[in-house]
Amino acid sequence: QKEVEQDPGPLSVPEGAIVSLNCTYSNSAFQYFMWYRQYSRKGPELLMYTYSSGNKEDGRFTAQVDKSSKYISLFIRDSQPSDSATYLCAVSQGAQKLVFGQGTRLTINP
Amino acid sequence: GAVVSQHPSWVICKSGTSVKIECRSLDFQATTMFWYRQFPKQSLMLMATSNEGSKATYEQGVEKDKFLINHASLTLSTLTVTSAHPEDSSFYICSARDGTLSSGNTIYFGEGSWLTVV
């Protein structure tokens, strides 16, 4: 079993839709939860970072962590074509290395 | 947000030569830097963890004599691909950990370096 499971998609939605991206993880010791966005041929860009269970909002993005279920989500409201990218969830345990999901390829259709 | 600069963005080299890629944290001190390799349509594959002033820790299956990593200062780590071969052609990405308390150990990535060995 992988430490972090993420549906690779691809996921295609119309512009303006709400997008829901999800990951599950297996180790309850993970403490930090991140979402990165990666455009084609570019390095990943940090979108959201959370430490505890609950919601964190930043503009059109909301990150949700449920430690009891070992489940993390990223919601994108009012999706735009510029949101088309690969979204990577990542978890870590303290100061240790990141463990990534496979990444979900998202396309927002105008 | 914090900035990690990676150079060069792309490089073409001849088979058998060595190539050096630099990774710099521009506005924070990075006690730990990570080097990844990414193949098309795949997730990032961690190659090694680099700690300032000490030897890098390589992941299983990564040849330390082929991929030389140096982390001489708190803002600079380098990856040297020695005796490069076409199969080393890939997208190499570095990341740096901001170890300050306020950042919560956030990790930021560079823009990546495309290596093509011909």
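Scroll up a little and you will see the structure.
The text that follows walks through the structure, step by step, so that each part is easy to find.

Thresholds, definitions, all that
- Think of each chain on its own: its residues are numbered from 1, step by step along the sequence as written.
- Here the convention is simple: chains get letters from A, ligands get numbers from 1, in the order in which they are written.
- Owing to the predicted nature of the model, reporting of local features is limited to residues with pLDDT of at least 70; listing and counting of side-chain atom pairs is limited to 80 or more, with chain, interface and lining totals taken over all residues.
- The basis for the side-chain values is all heavy atoms of the structure; hydrogens and waters are excluded.
- Secondary structure elements follow DSSP: runs of H or I no shorter than four residues count as helices, runs of E no shorter than two count as strands, and numbering proceeds from the N terminus.
- Atoms considered for the radius of gyration are the C-alpha atoms alone. The globule rule reads 2.2 Å times the number of residues to the power 0.38.
- Whether a residue is buried, partly exposed or exposed follows from its accessible area with a 1.4 Å probe, protein chains only, as a fraction of its type maximum: under 20%, in between, or over 50%, in that order.
- Residues are treated as being in contact if the distance between any of their heavy atoms lies within 4.5 Å.
- Surface exposure here means Shrake-Rupley accessible area, sampled with a 1.4 Å probe, where a residue is shielded only by the protein chains that are shown.
- Under the convention used here, Asp and Glu are negative, Lys and Arg are positive, and both His and the chain ends fall outside the count.
- Where a charge sits is defined by one atom per residue type, namely NZ (Lys), CZ (Arg), CG (Asp) or CD (Glu).
- Working definition of a nonpolar core: buried Ala, Val, Leu, Ile, Met, Phe, Trp, Tyr and Cys residues. They are joined through side-chain atoms within 4.5 Å.
- Centres within 6.5 Å make a pair out of two Phe, Tyr or Trp rings, where for Trp the six-membered ring is used; the pair is then stacked when the planes are under 30 degrees apart, edge-to-face when over 60, and tilted otherwise.
- Our definition puts a charge over a ring when NZ of Lys or CZ of Arg is within 6 Å of the ring centre and also within 35 degrees of the ring normal.
- In short, buried area is how much 1.4 Å probe accessible area vanishes from two parts on joining, totalled over both.
- Criterion for a salt bridge: a side-chain nitrogen of Lys or Arg within 4 Å of a carboxyl oxygen of Asp or Glu.
- As used in this structure description, the phrase polar contact means that two N or O atoms lie within 3.5 Å; if the pair is within protein, one of them must be able to donate a hydrogen and the other to accept it, and residues adjacent in sequence are counted only when both atoms belong to side chains.
- Any two cysteine sulfur atoms lying within 2.5 Å of each other are counted as a disulfide.

**Quick notes on the overall build of chain A**
Here is step 1: In terms of regular secondary structure, chain A is built from 0 helices and 11 strands.
Here is step 2: Sequence-ordered secondary structure for chain A, helices as α and strands as β, is β-β-β-β-β-β-β-β-β-β-β.
Here is step 3: Relative to the compact-globule value of 13 Å for 110 residues, chain A shows a C-alpha radius of gyration of 13 Å, a close match.
Here is step 4: Projected onto its principal axes, the C-alpha positions of chain A cover 40 × 25 × 20 Å.
Here is step 5: With 110 residues in all, chain A has 44% of them scored as buried.
Here is step 6: A fraction of 53% describes how many contacts in chain A between residues 6 or more apart in sequence connect residues 24 or more apart.
Here is step 7: Carbon and sulfur atoms make up 46% of the accessible area of chain A, which amounts to about 5,300 Å² in all.
Here is step 8: Charge centroids of chain A, computed over 11 positive and 10 negative side chains, lie 7 Å from each other.

**Regarding the nonpolar core**
Here is step 1: Counting 25 residues, the largest nonpolar core has Val-4, Trp-35, Phe-67, Leu-79, Tyr-92 and Leu-115 of chain B as the members making the most contacts within it.
Here is step 2: Counting only elements with at least two residues in this core, the list comes to β2 (10–13), β3 (19–25), β4 (32–38), β5 (45–51), β7 (67–73), β8 (76–81), β9 (90–97) and β11 (113–117) of chain B.
Here is step 3: Sequence-distant contacts of Leu-115 of chain B, that is, excluding residues within four places in its chain, are made with Val-11, Cys-13, Val-19, Val-81, Asp-88, Ser-89, Ser-90 and Tyr-92 of chain B.
Here is step 4: Val-13, Phe-30, Phe-33 and Ala-63 of chain A belong to the second-largest nonpolar core, a separate cluster that totals 24 residues.

**Re the packing of aromatic side chains**
Here is step 1: Tallied over the entire structure, the rule returns 12 aromatic pairs over all chains.
Here is step 2: Ring geometry for Tyr-25 of chain A against Phe-33 of chain A: centres 5.3 Å apart, planes inclined by 40 degrees, an arrangement best described as tilted. Phe-33 of chain A carries the same exposure label as Tyr-25 of chain A, and that label is buried.
Here is step 3: A centroid spacing of 6.0 Å and a plane angle of 50 degrees characterise the contact between Tyr-36 of chain A and Phe-100 of chain A, whose relative ring orientation is tilted. Here Phe-100 of chain A lies in strand β10 (residues 99–100) and Tyr-36 of chain A lies in strand β4 (residues 32–38), a separation of 64 residues in the sequence. Both residues of the pair, Tyr-36 of chain A and Phe-100 of chain A, belong to the buried class.
Here is step 4: Here the aromatic cluster, defined as three or more aromatic residues joined through ring pairs, consists of Tyr-36 and Phe-100 of chain A together with Tyr-36 and Phe-109 of chain B.
Here is step 5: Looking at Arg-41 of chain A, its charged tip hangs above the ring of Trp-114 of chain B, at a distance of 4.5 Å from the centre.
Here is step 6: Above the ring of Tyr-51 of chain A, the side-chain terminus of Lys-67 of chain A is found at 5.3 Å from the ring centroid.

**A look at the interface of chain B and chain A**
Here is step 1: Facing the 21 residues of chain B at the interface are 19 residues of chain A.
Here is step 2: Between chain B and chain A, roughly 1,600 Å² of surface is buried when both sides are summed, and carbon and sulfur atoms account for 56% of that area.
Here is step 3: For the chain B face of the interface with chain A, the top three residues by lost area are Ser-43, Phe-109 and Trp-114 of chain B, together amounting to 25%.
Here is step 4: Put simply, chain B and chain A have 2 salt bridges between them.
Here is step 5: Ionic pairing is found between Glu-111 of chain B and Lys-42 of chain A, a salt bridge with its closest N-O pair at 3.7 Å.
Here is step 6: Where chain B meets chain A, there are 5 residue pairs in polar contact (both at pLDDT 80 or more).

**With respect to the state of the cysteines**
Here is step 1: Taken as a whole and judged by the stated rule, the model has 2 disulfides over all chains.
Here is step 2: For Cys-23 of chain A, the disulfide goes to Cys-89 of chain A, at an S-S distance of 2.0 Å. The disulfide joining Cys-23 of chain A to Cys-89 of chain A has a torsion of about -100 degrees about its S-S bond and is therefore left-handed. Of this pair, Cys-23 of chain A sits in strand β3 (residues 19–25) while Cys-89 of chain A sits in strand β9 (residues 85–92); the two residues are 66 residues apart in sequence, bridging distant segments of the chain. This pair shows no difference in class: Cys-23 of chain A is buried, exactly as Cys-89 of chain A is.
Here is step 3: Between the sulfur atoms of Cys-23 of chain B and its disulfide partner Cys-94 of chain B the distance amounts to 2.0 Å. Looking along the S-S bond of the Cys-23 of chain B-Cys-94 of chain B disulfide, the torsion reads about 80 degrees, which is the right-handed sense. Of this pair, Cys-23 of chain B sits in strand β3 while Cys-94 of chain B sits in strand β9, and the two are 71 residues apart along the sequence.
Here is step 4: Its relative accessible area of 0% is what places Cys-23 of chain B among the buried residues.

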